[in-house]
Amino acid sequence: MLLWLLLLLAPGGEQSAPAVFWYHNKTPILEKASRLQITQSGSYECKTQGSSLSDPVHVEFLSDWLILQVSYPVFEGDQVVLRCRGKKENEIKRKIYFKDGEQLSVSDSDLILNSVFRDSSTYHCTASGATVLIPWNTISTPQKIKIKELFPPPLLTVNPSQPIEDSPVTLKCETHLPPQRLHIQFWFRFFRDSRVLGSGWNNSPELHVPMMQTGDSGSYECEAKTTTNNVMKRSLRSQIHVQRVPVSDVTLEIQPPEGQLLEGGNMTLICSVAKGTGMITFSWHREEREGTVRSLEIKTQHSLSAELQIHTGKEHDAGRYYCAAANIQGPILSEWKRVTVRIPVSEPVLTLRTPRAQAMVGDMVELHCEALRGSPPILYWLYHENVTLGHSSASSRRGMSFNFSLTAEHLGNYSCEADNGFGPQPSEVVTLSIIGPSKGKMALITSKATGGLLSILAFAGIVLLVHYFRMKRKTGEHSASGRPSHQEPFHSESLATMELQPVYSNVSPGDTNLVYSQIWDLQPTKENPAKRPQKYKEPAVIYSELRQIRTYDTVEQSSSGSMAHGNATENYENVLCA
(Lines give C-alpha, C1' and ligand atoms only; values in the text may rest on other atoms or scores of the structure.)
Protein backbone atom coordinates (compact mmCIF):
# COMPACT_ATOMS: atom_id res chain seq x y z
CA MET A 1 0.00 0.00 0.00
CA LEU A 2 1.19 3.48 -0.81
CA LEU A 3 0.52 6.59 1.24
CA TRP A 4 0.76 9.92 -0.48
CA LEU A 5 0.96 13.02 1.72
CA LEU A 6 0.44 16.46 0.23
CA LEU A 7 1.73 19.46 2.16
CA LEU A 8 -0.39 22.60 1.74
CA LEU A 9 1.39 25.86 2.41
CA ALA A 10 -0.47 28.87 3.68
CA PRO A 11 -0.51 31.89 1.30
CA GLY A 12 2.35 34.24 1.85
CA GLY A 13 5.54 35.40 0.28
CA GLU A 14 7.05 33.76 -2.74
CA GLN A 15 7.88 30.09 -2.05
CA SER A 16 10.44 28.09 -4.00
CA ALA A 17 10.15 24.32 -3.27
CA PRO A 18 10.49 24.53 0.51
CA ALA A 19 12.21 21.69 2.30
CA VAL A 20 9.86 19.17 3.97
CA PHE A 21 10.70 17.26 7.11
CA TRP A 22 9.04 13.87 7.68
CA TYR A 23 8.58 11.95 10.88
CA HIS A 24 7.63 8.29 11.44
CA ASN A 25 6.51 7.56 14.98
CA LYS A 26 8.22 10.85 15.98
CA THR A 27 11.48 9.81 14.32
CA PRO A 28 12.81 12.01 11.49
CA ILE A 29 13.05 10.55 8.00
CA LEU A 30 15.81 11.60 5.66
CA GLU A 31 13.47 12.11 2.72
CA LYS A 32 12.94 15.83 1.97
CA ALA A 33 10.51 15.63 -0.96
CA SER A 34 6.95 16.84 -0.74
CA ARG A 35 5.71 13.28 -1.36
CA LEU A 36 6.71 10.20 0.56
CA GLN A 37 6.18 6.54 -0.38
CA ILE A 38 5.91 4.24 2.66
CA THR A 39 5.66 0.51 3.34
CA GLN A 40 5.52 0.39 7.15
CA SER A 41 2.62 0.84 9.51
CA GLY A 42 2.75 3.61 12.03
CA SER A 43 2.09 7.31 12.66
CA TYR A 44 3.42 9.84 10.17
CA GLU A 45 3.86 13.63 10.48
CA CYS A 46 5.47 16.38 8.46
CA LYS A 47 6.48 20.07 8.63
CA THR A 48 8.29 22.77 6.72
CA GLN A 49 10.97 25.12 7.98
CA GLY A 50 9.37 27.56 10.38
CA SER A 51 6.06 25.71 10.64
CA SER A 52 4.64 23.47 13.33
CA LEU A 53 4.07 19.73 12.96
CA SER A 54 1.06 18.52 11.02
CA ASP A 55 -1.62 16.34 12.54
CA PRO A 56 -0.47 12.71 12.73
CA VAL A 57 -1.71 10.18 10.16
CA HIS A 58 -1.91 6.55 11.26
CA VAL A 59 -1.25 3.96 8.53
CA GLU A 60 -1.65 0.23 9.02
CA PHE A 61 -0.50 -2.45 6.62
CA LEU A 62 -2.64 -5.63 6.96
CA SER A 63 -1.96 -9.19 5.87
CA ASP A 64 -5.68 -9.97 5.57
CA TRP A 65 -6.97 -11.45 2.30
CA LEU A 66 -9.88 -8.89 2.27
CA ILE A 67 -9.78 -5.35 3.68
CA LEU A 68 -12.19 -2.35 3.79
CA GLN A 69 -10.42 0.88 2.85
CA VAL A 70 -11.81 4.26 4.01
CA SER A 71 -10.80 7.61 2.45
CA TYR A 72 -8.65 9.84 4.63
CA PRO A 73 -8.92 12.41 6.06
CA VAL A 74 -12.67 12.73 6.56
CA PHE A 75 -14.16 15.98 7.84
CA GLU A 76 -17.68 16.81 8.84
CA GLY A 77 -19.86 17.04 5.78
CA ASP A 78 -17.37 15.29 3.56
CA GLN A 79 -18.16 12.57 1.04
CA VAL A 80 -16.66 9.21 2.23
CA VAL A 81 -15.53 6.45 -0.10
CA LEU A 82 -15.62 2.83 1.14
CA ARG A 83 -13.58 0.44 -0.98
CA CYS A 84 -13.61 -3.34 -0.52
CA ARG A 85 -10.26 -4.85 -1.74
CA GLY A 86 -8.97 -8.46 -1.93
CA LYS A 87 -5.58 -9.94 -2.71
CA LYS A 88 -7.02 -11.65 -5.78
CA GLU A 89 -9.47 -9.14 -7.19
CA ASN A 90 -10.01 -11.14 -10.34
CA GLU A 91 -11.42 -14.09 -8.40
CA ILE A 92 -14.03 -11.99 -6.53
CA LYS A 93 -17.47 -12.29 -8.04
CA ARG A 94 -19.55 -10.38 -5.49
CA LYS A 95 -19.01 -7.67 -2.82
CA ILE A 96 -21.45 -6.67 -0.09
CA TYR A 97 -21.10 -3.61 2.29
CA PHE A 98 -22.47 -3.61 5.85
CA LYS A 99 -23.07 -0.96 8.53
CA ASP A 100 -23.42 -2.20 12.10
CA GLY A 101 -24.13 -5.67 10.71
CA GLU A 102 -26.88 -4.53 8.35
CA GLN A 103 -26.46 -4.80 4.62
CA LEU A 104 -26.07 -1.48 2.87
CA SER A 105 -25.36 -2.36 -0.73
CA VAL A 106 -24.30 -5.09 -3.12
CA SER A 107 -21.77 -3.60 -5.48
CA ASP A 108 -18.61 -4.54 -7.30
CA SER A 109 -17.46 -0.91 -7.12
CA ASP A 110 -16.82 1.57 -4.34
CA LEU A 111 -19.55 2.65 -1.90
CA ILE A 112 -19.96 6.43 -1.48
CA LEU A 113 -21.43 7.96 1.71
CA ASN A 114 -22.54 11.59 1.22
CA SER A 115 -22.17 14.34 3.84
CA VAL A 116 -21.13 12.38 6.86
CA PHE A 117 -20.99 13.80 10.35
CA ARG A 118 -19.81 12.33 13.58
CA ASP A 119 -20.42 8.61 13.14
CA SER A 120 -19.73 5.84 15.65
CA SER A 121 -20.95 3.05 13.35
CA THR A 122 -18.89 0.01 12.34
CA TYR A 123 -18.45 -0.89 8.67
CA HIS A 124 -17.22 -4.06 6.96
CA CYS A 125 -17.54 -5.88 3.64
CA THR A 126 -17.71 -9.45 2.34
CA ALA A 127 -16.45 -11.01 -0.88
CA SER A 128 -17.43 -14.30 -2.53
CA GLY A 129 -16.38 -16.39 -5.52
CA ALA A 130 -15.54 -19.96 -6.69
CA THR A 131 -12.31 -21.88 -7.25
CA VAL A 132 -12.45 -25.15 -9.17
CA LEU A 133 -16.14 -25.32 -8.62
CA ILE A 134 -15.66 -24.77 -4.88
CA PRO A 135 -17.52 -21.64 -3.68
CA TRP A 136 -15.86 -19.46 -1.06
CA ASN A 137 -16.79 -16.40 1.07
CA THR A 138 -14.61 -14.07 3.19
CA ILE A 139 -15.16 -11.04 5.45
CA SER A 140 -13.06 -7.92 6.15
CA THR A 141 -12.00 -6.60 9.51
CA PRO A 142 -14.62 -4.10 10.83
CA GLN A 143 -13.64 -0.41 10.47
CA LYS A 144 -14.84 2.81 12.10
CA ILE A 145 -14.89 6.00 10.10
CA LYS A 146 -12.75 8.63 11.80
CA ILE A 147 -14.52 11.97 11.09
CA LYS A 148 -12.63 15.11 11.98
CA GLU A 149 -14.18 18.38 13.03
CA LEU A 150 -14.41 20.71 10.06
CA PHE A 151 -14.39 23.79 12.27
CA PRO A 152 -14.92 24.39 15.98
CA PRO A 153 -18.09 26.06 17.29
CA PRO A 154 -17.73 29.80 16.70
CA LEU A 155 -16.69 32.13 19.48
CA LEU A 156 -18.77 35.32 19.85
CA THR A 157 -16.71 38.35 20.86
CA VAL A 158 -18.05 41.81 21.80
CA ASN A 159 -16.02 44.99 21.35
CA PRO A 160 -16.10 46.85 23.66
CA SER A 161 -16.87 44.11 26.15
CA GLN A 162 -18.87 46.49 28.38
CA PRO A 163 -20.70 48.74 25.93
CA ILE A 164 -22.01 52.16 26.90
CA GLU A 165 -25.39 53.39 25.72
CA ASP A 166 -25.31 55.42 22.50
CA SER A 167 -21.86 54.01 21.63
CA PRO A 168 -21.07 51.62 18.72
CA VAL A 169 -20.49 47.91 19.30
CA THR A 170 -19.02 45.24 17.02
CA LEU A 171 -20.07 41.59 17.35
CA LYS A 172 -17.68 39.06 15.81
CA CYS A 173 -18.30 35.36 15.12
CA GLU A 174 -14.87 33.69 15.03
CA THR A 175 -13.96 30.14 13.89
CA HIS A 176 -11.36 28.53 11.57
CA LEU A 177 -10.91 25.75 9.00
CA PRO A 178 -8.19 23.08 8.79
CA PRO A 179 -5.43 23.57 6.19
CA GLN A 180 -6.97 20.85 4.00
CA ARG A 181 -10.26 22.78 3.74
CA LEU A 182 -9.24 26.40 3.46
CA HIS A 183 -11.22 26.76 0.25
CA ILE A 184 -14.55 26.41 2.11
CA GLN A 185 -16.62 29.61 2.55
CA PHE A 186 -18.79 30.55 5.54
CA TRP A 187 -22.13 32.25 6.18
CA PHE A 188 -22.81 33.95 9.54
CA ARG A 189 -25.78 35.25 11.49
CA PHE A 190 -26.36 36.70 14.97
CA PHE A 191 -29.07 36.35 17.61
CA ARG A 192 -30.32 38.34 20.60
CA ASP A 193 -32.56 36.43 22.97
CA SER A 194 -32.94 33.76 20.23
CA ARG A 195 -34.16 36.30 17.68
CA VAL A 196 -32.23 36.85 14.47
CA LEU A 197 -30.59 40.26 14.16
CA GLY A 198 -30.32 42.20 10.96
CA SER A 199 -31.03 40.57 7.62
CA GLY A 200 -29.97 37.05 8.67
CA TRP A 201 -27.21 35.12 6.89
CA ASN A 202 -24.27 37.17 5.70
CA ASN A 203 -20.77 36.35 4.49
CA SER A 204 -19.23 38.80 6.99
CA PRO A 205 -18.26 37.41 10.41
CA GLU A 206 -18.95 40.84 11.98
CA LEU A 207 -22.13 42.70 12.90
CA HIS A 208 -21.70 46.42 13.53
CA VAL A 209 -24.27 48.13 15.78
CA PRO A 210 -23.80 51.92 15.42
CA MET A 211 -25.61 52.89 18.64
CA MET A 212 -26.41 50.51 21.46
CA GLN A 213 -29.35 51.25 23.76
CA THR A 214 -30.18 49.89 27.19
CA GLY A 215 -32.98 47.95 25.53
CA ASP A 216 -30.33 46.10 23.51
CA SER A 217 -29.09 44.34 26.64
CA GLY A 218 -29.64 40.58 26.55
CA SER A 219 -28.28 37.16 25.57
CA TYR A 220 -26.35 37.06 22.29
CA GLU A 221 -25.29 34.14 20.06
CA CYS A 222 -23.93 33.62 16.57
CA GLU A 223 -24.00 30.81 14.00
CA ALA A 224 -21.56 29.81 11.27
CA LYS A 225 -22.26 27.41 8.43
CA THR A 226 -20.39 26.29 5.32
CA THR A 227 -21.72 27.35 1.95
CA THR A 228 -21.28 23.86 0.34
CA ASN A 229 -21.84 20.93 2.67
CA ASN A 230 -24.17 22.70 5.11
CA VAL A 231 -22.16 22.16 8.29
CA MET A 232 -23.63 24.60 10.85
CA LYS A 233 -22.57 25.37 14.41
CA ARG A 234 -23.70 27.87 17.06
CA SER A 235 -21.65 29.72 19.63
CA LEU A 236 -22.17 29.75 23.35
CA ARG A 237 -24.44 32.48 24.74
CA SER A 238 -22.88 35.74 25.84
CA GLN A 239 -24.64 38.21 28.12
CA ILE A 240 -24.31 41.85 27.13
CA HIS A 241 -25.32 44.60 29.54
CA VAL A 242 -25.48 48.11 28.03
CA GLN A 243 -24.54 50.74 30.60
CA ARG A 244 -26.31 54.09 30.81
CA VAL A 245 -24.36 57.25 31.61
CA PRO A 246 -26.21 59.62 33.98
CA VAL A 247 -26.62 63.27 33.00
CA SER A 248 -24.15 65.78 34.40
CA ASP A 249 -23.22 69.46 34.11
CA VAL A 250 -26.64 70.82 33.16
CA THR A 251 -26.45 74.36 31.75
CA LEU A 252 -29.05 76.89 30.61
CA GLU A 253 -28.27 79.21 27.71
CA ILE A 254 -30.54 82.10 26.79
CA GLN A 255 -30.85 83.75 23.40
CA PRO A 256 -30.71 86.74 22.96
CA PRO A 257 -27.45 86.96 24.94
CA GLU A 258 -27.44 88.08 28.55
CA GLY A 259 -31.18 87.42 28.71
CA GLN A 260 -32.03 90.87 27.31
CA LEU A 261 -35.44 90.27 25.73
CA LEU A 262 -37.07 93.05 23.73
CA GLU A 263 -40.80 93.29 24.37
CA GLY A 264 -42.58 91.56 21.49
CA GLY A 265 -39.45 89.65 20.48
CA ASN A 266 -38.65 85.93 20.65
CA MET A 267 -36.53 84.15 23.24
CA THR A 268 -34.90 80.68 23.15
CA LEU A 269 -34.00 78.75 26.29
CA ILE A 270 -31.40 76.03 25.53
CA CYS A 271 -30.92 73.31 28.15
CA SER A 272 -27.77 71.20 27.64
CA VAL A 273 -25.91 68.40 29.42
CA ALA A 274 -22.19 67.63 29.17
CA LYS A 275 -22.77 63.89 29.58
CA GLY A 276 -25.73 61.57 29.51
CA THR A 277 -27.02 58.74 27.32
CA GLY A 278 -30.39 57.45 26.21
CA MET A 279 -33.66 59.36 26.36
CA ILE A 280 -33.21 62.51 28.45
CA THR A 281 -36.11 64.43 29.99
CA PHE A 282 -35.63 68.23 29.91
CA SER A 283 -37.77 70.73 31.80
CA TRP A 284 -37.83 74.53 32.09
CA HIS A 285 -38.94 76.56 35.13
CA ARG A 286 -39.50 80.23 36.03
CA GLU A 287 -39.54 81.80 39.47
CA GLU A 288 -42.89 83.41 40.26
CA ARG A 289 -43.86 85.79 43.03
CA GLU A 290 -43.51 84.82 46.67
CA GLY A 291 -40.74 82.36 45.86
CA THR A 292 -42.92 79.88 43.97
CA VAL A 293 -41.63 78.18 40.81
CA ARG A 294 -43.73 77.56 37.71
CA SER A 295 -43.01 74.68 35.34
CA LEU A 296 -43.09 75.92 31.74
CA GLU A 297 -42.60 72.80 29.58
CA ILE A 298 -41.23 69.23 29.60
CA LYS A 299 -39.56 67.46 26.66
CA THR A 300 -38.14 63.92 26.43
CA GLN A 301 -35.82 63.25 23.52
CA HIS A 302 -32.65 61.41 22.50
CA SER A 303 -30.16 64.27 22.47
CA LEU A 304 -27.80 66.20 24.74
CA SER A 305 -29.77 69.45 24.44
CA ALA A 306 -33.30 70.73 23.95
CA GLU A 307 -34.83 74.14 23.23
CA LEU A 308 -37.85 76.05 24.51
CA GLN A 309 -39.15 78.87 22.32
CA ILE A 310 -40.97 81.86 23.86
CA HIS A 311 -42.66 83.97 21.21
CA THR A 312 -43.80 87.60 21.48
CA GLY A 313 -42.14 88.26 24.81
CA LYS A 314 -44.09 90.28 27.37
CA GLU A 315 -43.20 92.10 30.54
CA HIS A 316 -44.35 89.18 32.72
CA ASP A 317 -41.71 86.95 31.04
CA ALA A 318 -39.02 88.73 33.04
CA GLY A 319 -37.56 86.89 36.00
CA ARG A 320 -35.22 84.06 36.94
CA TYR A 321 -35.15 80.78 34.99
CA TYR A 322 -33.51 77.39 35.38
CA CYS A 323 -33.73 74.04 33.59
CA ALA A 324 -33.39 70.42 34.68
CA ALA A 325 -32.38 67.14 32.98
CA ALA A 326 -32.78 63.51 34.03
CA ASN A 327 -32.24 60.06 32.51
CA ILE A 328 -31.80 57.64 35.45
CA GLN A 329 -32.86 59.03 38.81
CA GLY A 330 -33.80 62.51 39.97
CA PRO A 331 -33.26 65.61 37.80
CA ILE A 332 -30.02 67.59 37.79
CA LEU A 333 -30.60 71.36 37.92
CA SER A 334 -28.81 74.16 36.11
CA GLU A 335 -27.88 77.49 37.64
CA TRP A 336 -30.42 80.31 37.70
CA LYS A 337 -30.37 82.75 34.77
CA ARG A 338 -32.13 86.11 34.82
CA VAL A 339 -34.20 87.40 31.92
CA THR A 340 -34.87 91.12 31.59
CA VAL A 341 -37.65 92.29 29.29
CA ARG A 342 -36.65 95.58 27.71
CA ILE A 343 -39.63 97.79 26.90
CA PRO A 344 -39.15 100.62 24.40
CA VAL A 345 -39.99 103.97 25.92
CA SER A 346 -43.45 105.34 25.19
CA GLU A 347 -44.22 108.88 24.02
CA PRO A 348 -43.46 111.10 27.02
CA VAL A 349 -46.00 113.47 28.52
CA LEU A 350 -44.88 117.06 29.19
CA THR A 351 -46.81 118.88 31.94
CA LEU A 352 -46.56 122.37 33.47
CA ARG A 353 -46.93 122.67 37.24
CA THR A 354 -47.60 126.04 38.96
CA PRO A 355 -48.33 126.96 42.59
CA ARG A 356 -51.67 128.52 41.61
CA ALA A 357 -54.13 128.59 38.76
CA GLN A 358 -53.06 132.15 37.79
CA ALA A 359 -49.30 132.40 38.24
CA MET A 360 -47.52 135.66 38.87
CA VAL A 361 -44.14 136.89 37.74
CA GLY A 362 -41.55 135.39 40.02
CA ASP A 363 -43.51 132.22 40.74
CA MET A 364 -41.59 128.95 40.51
CA VAL A 365 -42.82 126.91 37.57
CA GLU A 366 -41.98 123.24 37.06
CA LEU A 367 -41.78 121.48 33.68
CA HIS A 368 -42.11 117.71 34.11
CA CYS A 369 -41.40 115.15 31.37
CA GLU A 370 -42.39 111.56 32.03
CA ALA A 371 -42.74 108.37 29.91
CA LEU A 372 -45.45 106.12 31.30
CA ARG A 373 -43.87 102.95 29.83
CA GLY A 374 -40.29 101.96 29.17
CA SER A 375 -37.45 100.03 30.76
CA PRO A 376 -35.03 102.07 32.85
CA PRO A 377 -32.67 103.76 32.64
CA ILE A 378 -34.46 106.43 30.61
CA LEU A 379 -32.65 109.53 29.37
CA TYR A 380 -34.75 112.71 29.18
CA TRP A 381 -34.15 116.01 27.34
CA LEU A 382 -36.14 119.26 27.83
CA TYR A 383 -36.30 121.86 25.05
CA HIS A 384 -37.46 125.49 24.84
CA GLU A 385 -37.85 126.62 21.27
CA ASN A 386 -35.67 123.63 20.24
CA VAL A 387 -32.89 124.71 22.59
CA THR A 388 -31.87 122.17 25.23
CA LEU A 389 -32.76 123.23 28.74
CA GLY A 390 -31.31 120.14 30.34
CA HIS A 391 -31.16 116.39 30.36
CA SER A 392 -31.24 113.73 33.00
CA SER A 393 -31.07 109.92 33.31
CA ALA A 394 -33.79 108.33 35.41
CA SER A 395 -33.44 104.83 36.84
CA SER A 396 -37.22 104.55 37.08
CA ARG A 397 -40.27 105.98 35.31
CA ARG A 398 -40.53 109.09 37.53
CA GLY A 399 -39.36 111.30 34.73
CA MET A 400 -37.42 114.57 34.77
CA SER A 401 -38.34 118.00 36.11
CA PHE A 402 -37.02 121.49 35.34
CA ASN A 403 -37.80 124.48 37.60
CA PHE A 404 -37.54 128.15 36.77
CA SER A 405 -38.78 131.50 38.08
CA LEU A 406 -41.49 132.83 35.78
CA THR A 407 -40.57 135.81 33.57
CA ALA A 408 -41.72 137.14 30.21
CA GLU A 409 -38.68 135.47 28.64
CA HIS A 410 -40.27 132.07 29.19
CA LEU A 411 -42.88 132.54 26.49
CA GLY A 412 -42.80 129.97 23.68
CA ASN A 413 -42.94 126.31 22.85
CA TYR A 414 -41.70 123.56 25.14
CA SER A 415 -41.12 119.90 24.38
CA CYS A 416 -39.17 116.92 25.68
CA GLU A 417 -37.74 113.61 24.52
CA ALA A 418 -37.25 110.24 26.20
CA ASP A 419 -34.90 107.45 25.10
CA ASN A 420 -33.89 104.14 26.68
CA GLY A 421 -31.76 102.78 23.87
CA PHE A 422 -34.48 101.94 21.36
CA GLY A 423 -34.73 105.38 19.74
CA PRO A 424 -35.91 108.74 21.10
CA GLN A 425 -39.62 109.47 21.52
CA PRO A 426 -40.73 113.14 21.38
CA SER A 427 -43.58 114.61 23.41
CA GLU A 428 -46.26 116.91 22.10
CA VAL A 429 -45.38 120.61 22.07
CA VAL A 430 -46.69 122.74 24.96
CA THR A 431 -47.05 126.50 24.37
CA LEU A 432 -46.64 128.96 27.28
CA SER A 433 -48.22 132.47 26.97
CA ILE A 434 -48.22 135.36 29.47
CA ILE A 435 -50.69 138.25 29.26
CA GLY A 436 -50.20 141.26 31.62
CA PRO A 437 -49.13 142.92 33.72
CA SER A 438 -52.26 144.26 35.47
CA LYS A 439 -51.45 145.67 38.86
CA GLY A 440 -48.65 143.17 39.40
CA LYS A 441 -50.73 140.18 38.35
CA MET A 442 -50.06 137.92 35.37
CA ALA A 443 -52.25 135.28 33.80
CA LEU A 444 -50.75 132.08 32.41
CA ILE A 445 -52.01 130.37 29.25
CA THR A 446 -50.75 126.93 28.22
CA SER A 447 -51.85 124.62 25.48
CA LYS A 448 -50.83 121.55 23.53
CA ALA A 449 -50.06 122.15 19.88
CA THR A 450 -53.08 120.51 18.26
CA GLY A 451 -53.12 122.06 14.82
CA GLY A 452 -55.27 125.14 14.25
CA LEU A 453 -57.52 124.70 17.29
CA LEU A 454 -55.54 127.07 19.53
CA SER A 455 -55.67 130.03 17.17
CA ILE A 456 -59.39 129.50 16.54
CA LEU A 457 -60.17 129.42 20.27
CA ALA A 458 -58.03 132.47 20.98
CA PHE A 459 -59.74 134.40 18.19
CA ALA A 460 -63.18 133.41 19.43
CA GLY A 461 -62.28 134.57 22.97
CA ILE A 462 -61.17 138.00 21.72
CA VAL A 463 -64.41 138.49 19.75
CA LEU A 464 -66.53 137.63 22.79
CA LEU A 465 -64.46 139.89 25.00
CA VAL A 466 -64.92 142.90 22.71
CA HIS A 467 -68.63 142.22 22.52
CA TYR A 468 -68.90 142.22 26.31
CA PHE A 469 -66.96 145.50 26.62
CA ARG A 470 -69.38 147.16 24.32
CA MET A 471 -72.39 145.97 26.31
CA LYS A 472 -70.86 147.25 29.55
CA ARG A 473 -70.10 150.66 28.14
CA LYS A 474 -73.70 151.01 26.97
CA THR A 475 -75.17 150.15 30.33
CA GLY A 476 -72.64 152.30 32.26
CA GLU A 477 -71.98 149.79 35.01
CA HIS A 478 -68.96 151.37 36.77
CA SER A 479 -68.04 151.83 40.40
CA ALA A 480 -67.94 155.23 42.07
CA SER A 481 -64.18 155.10 42.46
CA GLY A 482 -63.64 154.48 38.76
CA ARG A 483 -61.76 151.14 39.48
CA PRO A 484 -63.06 147.93 38.13
CA SER A 485 -65.15 145.91 40.45
CA HIS A 486 -63.84 142.65 41.87
CA GLN A 487 -63.52 139.95 39.24
CA GLU A 488 -64.54 136.29 39.56
CA PRO A 489 -61.50 134.05 39.80
CA PHE A 490 -60.52 131.63 37.04
CA HIS A 491 -61.94 128.30 38.27
CA SER A 492 -59.91 125.78 36.35
CA GLU A 493 -58.40 122.53 37.53
CA SER A 494 -54.98 122.98 39.09
CA LEU A 495 -52.20 122.51 36.56
CA ALA A 496 -50.17 120.75 39.18
CA THR A 497 -52.54 117.78 39.16
CA MET A 498 -53.75 117.64 35.58
CA GLU A 499 -52.35 116.90 32.17
CA LEU A 500 -52.75 120.03 30.08
CA GLN A 501 -56.08 120.23 28.29
CA PRO A 502 -57.13 122.76 25.61
CA VAL A 503 -58.49 125.33 28.11
CA TYR A 504 -57.81 128.93 27.27
CA SER A 505 -58.19 132.13 29.30
CA ASN A 506 -58.09 135.68 27.82
CA VAL A 507 -57.57 138.58 30.21
CA SER A 508 -58.63 142.16 29.55
CA PRO A 509 -55.86 144.81 29.78
CA GLY A 510 -55.99 147.51 32.46
CA ASP A 511 -59.46 148.92 32.01
CA THR A 512 -61.91 150.45 34.40
CA ASN A 513 -64.09 147.43 33.76
CA LEU A 514 -61.73 144.38 34.13
CA VAL A 515 -63.51 141.43 32.60
CA TYR A 516 -62.31 137.80 32.19
CA SER A 517 -63.48 135.53 29.47
CA GLN A 518 -63.07 131.73 29.73
CA ILE A 519 -63.44 129.39 26.78
CA TRP A 520 -63.80 125.59 26.97
CA ASP A 521 -63.77 122.91 24.37
CA LEU A 522 -66.57 120.83 25.86
CA GLN A 523 -66.25 117.06 25.60
CA PRO A 524 -68.79 114.68 27.13
CA THR A 525 -67.44 113.34 30.42
CA LYS A 526 -68.78 111.00 33.01
CA GLU A 527 -66.81 112.45 35.93
CA ASN A 528 -68.44 115.85 36.36
CA PRO A 529 -71.19 116.70 33.86
CA ALA A 530 -72.58 119.34 36.23
CA LYS A 531 -69.73 121.78 35.55
CA ARG A 532 -70.93 122.57 32.04
CA PRO A 533 -72.05 126.25 31.65
CA GLN A 534 -75.11 125.59 29.49
CA LYS A 535 -76.52 122.43 27.98
CA TYR A 536 -76.23 123.03 24.27
CA LYS A 537 -76.59 119.82 22.31
CA GLU A 538 -74.23 120.63 19.45
CA PRO A 539 -71.07 118.51 19.70
CA ALA A 540 -67.69 120.12 20.43
CA VAL A 541 -69.11 123.67 20.70
CA ILE A 542 -67.33 126.62 22.32
CA TYR A 543 -68.94 128.60 25.13
CA SER A 544 -68.05 131.95 26.64
CA GLU A 545 -68.91 132.53 30.28
CA LEU A 546 -69.06 136.24 31.24
CA ARG A 547 -69.36 137.43 34.82
CA GLN A 548 -70.20 140.90 36.21
CA ILE A 549 -67.45 142.71 38.06
CA ARG A 550 -67.94 143.84 41.66
CA THR A 551 -66.80 147.30 42.69
CA TYR A 552 -64.46 146.69 45.58
CA ASP A 553 -60.72 146.74 45.50
CA THR A 554 -59.45 144.00 43.20
CA VAL A 555 -55.81 144.26 44.24
CA GLU A 556 -56.64 144.04 47.92
CA GLN A 557 -58.79 140.98 47.39
CA SER A 558 -56.14 139.35 45.20
CA SER A 559 -53.44 139.80 47.82
CA SER A 560 -55.60 138.15 50.45
CA GLY A 561 -56.35 135.26 48.08
CA SER A 562 -60.13 135.69 48.58
CA MET A 563 -62.42 136.23 45.61
CA ALA A 564 -66.19 136.54 45.88
CA HIS A 565 -68.54 135.12 43.34
CA GLY A 566 -70.69 137.39 41.20
CA ASN A 567 -74.41 137.28 40.67
CA ALA A 568 -74.70 134.18 38.47
CA THR A 569 -78.33 134.72 37.56
CA GLU A 570 -78.02 138.30 36.41
CA ASN A 571 -74.51 138.68 35.03
CA TYR A 572 -73.91 135.69 32.69
CA GLU A 573 -74.20 135.66 28.96
CA ASN A 574 -73.57 132.40 27.00
CA VAL A 575 -72.82 132.71 23.35
CA LEU A 576 -72.58 129.75 20.99
CA CYS A 577 -69.39 129.93 18.93
CA ALA A 578 -68.52 127.86 15.91
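Refer to the structure above for everything that follows.
Residues numbered from 1 in each chain as written. Predicted model: local features only at pLDDT ≥ 70, side-chain atom pairs only at ≥ 80, totals over all residues. Heavy atoms only, no water.

Visitor: Help me out: how do you make sense of the state of the cysteines in this one?
Guide: The term disulfide refers to a covalent linkage connecting the sulfur atoms of a pair of cysteines. What the rule picks out here adds up to 4 disulfides. The disulfide bridge from Cys271 ends at Cys323, spanning 2.2 Å between sulfur atoms. Between Cys271 and Cys323 the disulfide shows an S-S torsion of about 80 degrees. By sign, it is right-handed. With Cys271 in strand β25 (residues 267-275) and Cys323 in strand β29 (residues 319-326), this residue pair connects regions lying 52 residues apart in the sequence. Each member of the pair, Cys271 together with Cys323, is buried. Within the protein chain, bonded cysteines paired by disulfides and numbered along the sequence follow the pattern 1-2, 3-4, 5-6, 7-8. (Disulfide = S-S within 2.5 Å. Helix = DSSP H or I, 4+ residues; strand = E, 2+ residues; numbered from the N terminus. Buried < 20%, exposed > 50% of the residue type's maximum accessible area, 1.4 Å probe, protein only.)

Visitor: Just checking my understanding: could you explain the packing of aromatic side chains for this structure?
Guide: Two aromatic rings, taken as a pair, are described by how far apart their centres are and by the angle between their planes. One pass over the structure, following the stated rule, counts 6 aromatic pairs. Where Trp65 meets Trp136, the ring centres are 5.0 Å apart and the plane angle is 80 degrees; that geometry is what we call edge-to-face. With a gap of 71 residues between them, Trp65 in the loop between β4 (57-59) and β5 (66-70) and Trp136 in strand β12 (residues 134-139) connect regions that are remote in the sequence. Judged by centre distance (4.9 Å) and plane angle (70 degrees), the rings of Tyr322 and Trp336 are edge-to-face. Of the two residues, Tyr322 sits in strand β29 while Trp336 sits in the loop between β30 (332-333) and β31 (337-342), which places them 14 residues apart along the sequence. (Phe/Tyr/Trp six-rings, centres within 6.5 Å; stacked < 30°, edge-to-face > 60°.)

Visitor: Is there a simple way to think about the sheet that holds strand β33 (residues 364-370) in this case?
Guide: The pairing of strands in a sheet happens through backbone hydrogen bonds and is either parallel or antiparallel. If you walk across this open sheet you meet the 3 strands as β32-β33-β36, and the pairing is antiparallel. The open sheet terminates on both sides in strands that have one partner only, identified here as β32 (349-353) and β36 (400-405). Going from strand to strand, the sheet's axes swing by 15 degrees on average, the running direction of each strand aside. Sheet analysis places β32 next to β33, joined by 5 bridges and oriented antiparallel. What sits directly across from Leu352, in β33, is Leu367. (Pairing = 2+ DSSP bridges. Axes fitted to C-alpha atoms, helices over the stretch in contact; angles between N-to-C directions.)

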